[in-house]
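Letter by letter, the chains look like this.
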Amino acid sequence: MVGVLSLSAGLNFWNLSANGWANAFYTAAVQSGLHSGEAFLFGSSDWGNAISVDKPPLSLWLMGISVRIFGFNSWGILIPQALLGVATTALLYFVVRRRASAAAAVTTALAFATTPIVVLLSRYNNPDPLLIFLMVLGLAATLRGIESRRVRWFLAAGAVLGLGFLAKQFQVLLIAPALAGAVLSTGRWGWRKSLLNGGAAILSFAVVAGSWLAFVDLTPATSRPYVGGSTANSLTELTVGYNGINRITAADGYVTSLIPQEFGGTGSDAGLLRLFNANYNQEASWILFLGLACGAMSAWCLRRTRAKAIAIASALWLVTAYVLLSFMGLDIHTYYTVSLAPPLALTVGLGLEALSLAPRSARRRATMALGIGVSALASWLTLGSLVPSEPMHGLAVTTLVLGLGGAVLTAIPPPLPWINRAAACAAVIGLSIGPVATDFATVSRGQTGSSPASGSLTASPSSMSRFLASLRNSDPKWASELALGASPPAPLVERLADSNSSCRWAGATFPAQTAANWQLAIDRPVMPLGGFSAIDPSPTLDQFKKLAGEGSVCYLIDYPEMDPITSNQPAISEIIAWVRNTFSAYTVEGATVYRLRAAQ
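Counting restarts for each chain: residues are numbered from 1 in the order of the written sequence. In view of the model being predicted, local features appear only for residues whose pLDDT reaches at least 70, and side-chain atom pairs are presented and counted only at 80 or more, with totals across whole chains, interfaces and linings using the full set of residues. Remark: hydrogens and water are excluded; side-chain values derive from all non-hydrogen atoms of the structure.

Engineer: Account for the overall build of the chain, with residues named and values stated.
Structural biologist: Numbered from the N terminus, helices here are DSSP runs of H or I no shorter than four residues, and strands are runs of E no shorter than two. When you go through the chain residue by residue, the secondary structure sums to 28 helices and five strands. In terms of overall size, the chain behaves like a compact globule, its C-alpha atoms giving a radius of gyration of 25 Å where 600 residues would be expected to give roughly 25 Å. Throughout, a contact is declared for two residues whenever any of their heavy atoms are within 4.5 Å. Long-range contacts, defined as pairs at least 24 residues apart, comprise 73% of the intrachain contacts of the chain with a sequence gap of at least 6. A total accessible area of about 22,700 Å² is found for the chain, and carbon and sulfur atoms account for 64% of it. Side chains of the chain carry 38 positive and 28 negative charges; the gap between the two charge centres is 20 Å. All radius of gyration figures rest on C-alpha atoms, and the globule criterion is 2.2 Å times the number of residues raised to 0.38. For accessible areas, the Shrake-Rupley method is used with a probe of radius 1.4 Å. Any residue's cover is judged against the shown protein chains and nothing else. His is not counted here, nor are the chain ends, while Lys and Arg score as positive and Asp and Glu score as negative. Throughout, a charge is located at the NZ atom of Lys, the CZ atom of Arg, the CG atom of Asp or the CD atom of Glu.

This is the structure in structure tokens:
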């Protein structure tokens, strides 16, 4: 296990500074929290407190504490995520080890630590590493409650998941069906006691999560930033809408409709095989078939052991995440697949436990062999789908031969014990080649922007990796600025950094990634007009006119290539039109700047 934790730490920390500011949208919010207590509390994008990020601020608070210890730099921002990745690996080990063998626990930890999307996000400042840690911690508390029959553990589980809500809202409830299934399947207390414990957990969750909802929405709008991502300046509306139902059901969106045809395709890719297509297969699908097979086997075969509750919870969690990700709407990012990583690792480890308890069972060996064989085939197809120039492409045949060899040796009880060891080695090595090679490809290069992706370039011309490669080349420019942000020209950086210090905002621009890049470059607050995608109705034209008239905003940095986005939002398009018609512009290295005269 020391070796597994060392591997996890090595993957998470090596070349970490290559990611720079990573997701500048969140980094700028951490920077704002250094300058303003209000910005820290509400997770403001800027320390003028115009608008918040579109997530609750728990992850930002953690990074805010880190940069106060390690300094405001790339390491200070990313250290919490890297540590959370290692901590989750260790927590999964202890959760399994308490109920199963050391081999099962180490296998679980190893599978999680090497899952490419886990490595990617453990080196990135999105809220997901904190969310996953809290979900696993909620699982651990629930299992202790089942075993001890003490309601305090269910209260703790609800509180932990409530904190998960403060990281990424309702996404934390992805584990709820699994926890409920584990509690109901034990049959230890009867329905009345089960409902009591479940009610305690729900109440605890509601208190923690609801207190933040109430605090934000009951704070007068004039005393806090606008709630980014909402249409009504309401955290409740953001929770239910943009970060809730819309994420699952959205069939289309204005931004996604503008993606070039060669990348956007036609219709939705939703379906049972979505997670195996070129957009998602490098993230977490290498051993997904094995996980599903082991989940079914362990839930049944461990039903009379101390691992019953965790086996049922792991299987239900994996199925819930798999079905949701496979069929949710188009408002999906490839890194959402991190939701698969903990239950996938758990089911594989517990599948090994089920096989070890009856090593000569033909059914168990056949189930494991099937999972290994199909996963080897999936790995072969994934590696073969990469462009031939990628080093990983040449590993396809090796992973297939070793994987299928391990599957064949696993299928039939061997006459000699050493054949079991050979089968295990062949299967582990064969199935590890793809994920580990992807991990090294991921850590060897820097990642920035709002949509990081694991692995290497695929041969599919319509894949996400191709689209991201085009964005890095500013093609199309509007999408590049939305996902990565425009780079501020050096002459303008000096001008805005030295602008009138009486201005509350040195400048205003759009979208939020670009505003973040400007703010980080000049170390002055920059207002992100319209929030993340420049489509939030904040500020209104009258509000902006008032701010400009008071001298609160010095400059507006205009990006005409973003007009297809801003034209869909009347409030922001009216501001841009008013500035263009009222003030004189000058252009420096592609950036069009308006000095708002009242701010001089």
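Engineer: Which residues make up the environment of threonine 398, and what are the values?
Structural biologist: With respect to the helices and strands, threonine 398 occurs in helix 20 (residues 396-411). Only protein chains enter the accessibility calculation, which uses a 1.4 Å probe; a residue is then buried when its area is under 20% of its type maximum, exposed when over 50%, and partly exposed in between. Taking the relative accessible area as the measure of exposure, threonine 398 reaches 37% and is therefore partly exposed.

Engineer: Describe a nonpolar patch on the surface, listing the residues and the values that go with them.
Structural biologist: Here, patches come from residues exposed beyond 30% relative accessible area and free of salt bridges, joined within 9 Å for like charges and within 5 Å for nonpolar side chains (Val, Leu, Ile, Met, Phe, Trp, Tyr). A carboxyl oxygen of Asp or Glu within 4 Å of a side-chain nitrogen of Lys or Arg is what we treat as a salt bridge. A cluster of nonpolar side chains, Leu272, Leu273, Val319, Val323 and Phe327, forms an exposed patch at the surface whose accessible area comes to about 470 Å². By the element assignment, leucine 272 lies in the loop between helix 14 (261-264) and helix 15 (281-284).

Engineer: Would you mind going over the sheet that holds strand 1 (residues 505-509) in detail, with residue names and values included?
Structural biologist: Taken together, the five strands give an open sheet; going across it, the order is 2-1-3-5-4, and neighbouring strands pair in mixed fashion. Of all the strands in the sheet, the pair left with one neighbour each is strand 2 (526-528) and strand 4 (585-588). Averaged over all pairs of adjacent strands, the angle between their axes in this sheet comes to 30 degrees, without regard to strand direction. The pairing of strand 1 with strand 2 spans three bridges and is parallel. Within strand 2, the residue paired with glycine 507 across the bridge is valine 526. Lines fitted to C-alpha atoms define the axes here, with helix axes fitted over just the stretch in contact, and angles between the N-to-C directions of these axes take values from 0 to 180 degrees. Docked against the sheet, helix 24 (residues 490-497) engages strand 1, strand 3 (553-558), strand 4 and strand 5 (591-595), running at close to 130 degrees with respect to strand 4. A pair of strands counts as paired when DSSP detects no fewer than two bridges linking them.

Engineer: Quick one: what's the story with the pattern of salt bridges, residue by residue and with numbers?
Structural biologist: Tallied over the full model, the rule gives seven salt bridges. Arginine 98 is the salt-bridge partner of glutamate 147, the closest N and O atoms lying 3.8 Å from each other. Of this pair, glutamate 147 sits in helix 8 (residues 128-148) while arginine 98 sits in the loop between helix 5 (74-97) and helix 6 (102-114), and the two are 49 residues apart along the sequence. Judged by its relative accessible area of 32%, glutamate 147 is partly exposed. Here aspartate 563 and arginine 580 are joined by a salt bridge, their closest N and O atoms 3.0 Å apart. With aspartate 563 in helix 27 (residues 563-566) and arginine 580 in helix 28 (residues 570-582), this pair connects stretches of sequence that are 17 residues apart. Ionic contacts of the salt-bridge type, sharing partners, join the residues Arg98, Arg99 and Glu147 into one network.

Engineer: Go over helix 10 (residues 176-186), please, and point to the residues and values.
Structural biologist: Among the residues of helix 10, those classed as buried are Ala178, Leu179, Gly181, Ala182, Val183 and Thr186. In the core, the buried residues of helix 10 are packed alongside helix 8, helix 9 (151-168), helix 11 (191-218) and helix 17 (308-327).

Engineer: Give me the pairing of strand 1: which residues, what numbers.
Structural biologist: The side chains of a regular strand alternate, residue by residue, between the two faces of the sheet. Counting buried positions along strand 1 yields five of five residues, so the element is predominantly enclosed. The pairing of strand 1 with strand 3 spans three bridges and is parallel. By the bridge assignment, glycine 507 is partnered in strand 3 with tyrosine 555. Crossover handedness is defined by viewing with both strands directed away from the observer: a clockwise path from the first strand over the helix to the second marks the crossover as right-handed. In terms of handedness, the path from strand 1 via helix 25 (residues 512-522) over to strand 2 forms a crossover that is right-handed.

Engineer: Let's hear about the environment of alanine 534: which residues, and what values?
Structural biologist: Relative to the elements of secondary structure, alanine 534 occurs in the loop between strand 2 and helix 26 (541-549). Each C-alpha atom, one on alanine 534 and one on glutamate 390, is 37 Å from the other, the two residues being 144 residues apart in sequence. In contact with alanine 534, other than residues within four places in its own chain, are Phe510, Pro511, Leu529, Thr566, Gln569 and Ile572.

Engineer: Which residues make up the side chain of threonine 88, and what values go with them?
Structural biologist: Inspection of the secondary structure assignment puts threonine 88 in helix 5. Leave out the neighbours within four places in its chain, and threonine 88 touches Phe112, Ile132, Phe133 and Val136.

Engineer: Give me the lowdown on the state of the cysteines, citing residues and values where you can.
Structural biologist: Cysteine sulfurs are considered disulfide-paired once they come within 2.5 Å of each other. Counted under the stated rule, the structure contains one disulfide. Across the disulfide from cysteine 503 sits cysteine 554; the S-S distance is 2.0 Å. Disulfide cysteine 503-cysteine 554: the torsion about the S-S bond is 95 degrees, which places it as right-handed. Note that cysteine 503 is positioned in the loop between helix 24 and strand 1 and cysteine 554 in strand 3, a separation of 51 residues in sequence.

Engineer: Tell me about unusual backbone geometry, and name the residues and values.
Structural biologist: Of the consecutive residues aspartate 475 and proline 476, the connecting peptide bond is found in the cis state with omega at -5 degrees. The residue proline 476 is located in the loop between helix 22 (464-472) and helix 23 (477-483) in this model. In the segment running from phenylalanine 510 into proline 511, the intervening peptide bond is cis, with an omega of -10 degrees. Along the chain, proline 511 falls in the loop between strand 1 and helix 25. If you check the backbone angles, alanine 22 has positive phi at about 55 degrees while not being a glycine. By secondary structure assignment, the location of alanine 22 is in the loop between helix 1 (2-13) and helix 2 (24-35).

Engineer: Describe the packing of aromatic side chains, and please don't skip the residues or the numbers.
Structural biologist: Only Phe, Tyr and Trp rings take part, Trp by its six-membered ring, and two of them pair if their centres are within 6.5 Å. Stacked means planes under 30 degrees apart, edge-to-face means over 60, and tilted covers everything else. Throughout the structure, instances matching the rule amount to 16 aromatic pairs. Plain terms: the ring middles of phenylalanine 42 and tryptophan 212 are 6.4 Å apart, the flat faces sit at 45 degrees to each other, and that makes the pair tilted. Residue phenylalanine 42 is found in helix 3 (residues 37-42), and its partner tryptophan 212 is found in helix 11; the two are separated by 170 residues along the sequence. Side by side, phenylalanine 42 and tryptophan 212 carry an identical accessibility label, which is buried. Between tryptophan 578 and phenylalanine 583, the ring centres sit 5.4 Å apart and the planes meet at 90 degrees, which makes this aromatic pair edge-to-face. What makes phenylalanine 583 buried here is its relative accessible area of 12%.

Engineer: I'd like to hear about the side chain of threonine 566, residue by residue, with values.
Structural biologist: Inspection of the secondary structure assignment puts threonine 566 in helix 27. Setting aside its immediate chain neighbours within four residues, threonine 566 contacts Phe510, Ala534, Ile572, Ser573 and Ile576.

Engineer: Can you tell me about the packing of helix 16 (residues 288-301) against helix 17, naming the residues and giving the values?
Structural biologist: One can describe the packing of helix 16 onto helix 17 by two numbers: an axis separation of 8 Å at closest approach and a directional angle of 140 degrees. Helix-helix and strand crossings are classified by hand; for helix 16 and helix 17 the assignment is left-handed. Here Leu288, Gly291, Leu292, Gly295, Ser298 and Ala299 of helix 16 come into contact with helix 17, specifically with Ala311, Ile312, Ala315, Leu318 and Tyr322. Class assignment of the residues belonging to the contact of helix 16 with helix 17 gives a composition of eight nonpolar, three polar and no charged. In this scheme the crossing of two helices becomes right-handed for a clockwise turn of the near helix relative to the far one and left-handed for an anticlockwise turn of less than a right angle. Note that Gly is not counted as nonpolar here; it falls among the polar residues with everything else outside the nonpolar set of Ala, Val, Leu, Ile, Met, Phe, Trp, Tyr, Cys and Pro and the charged set of Asp, Glu, Lys and Arg.

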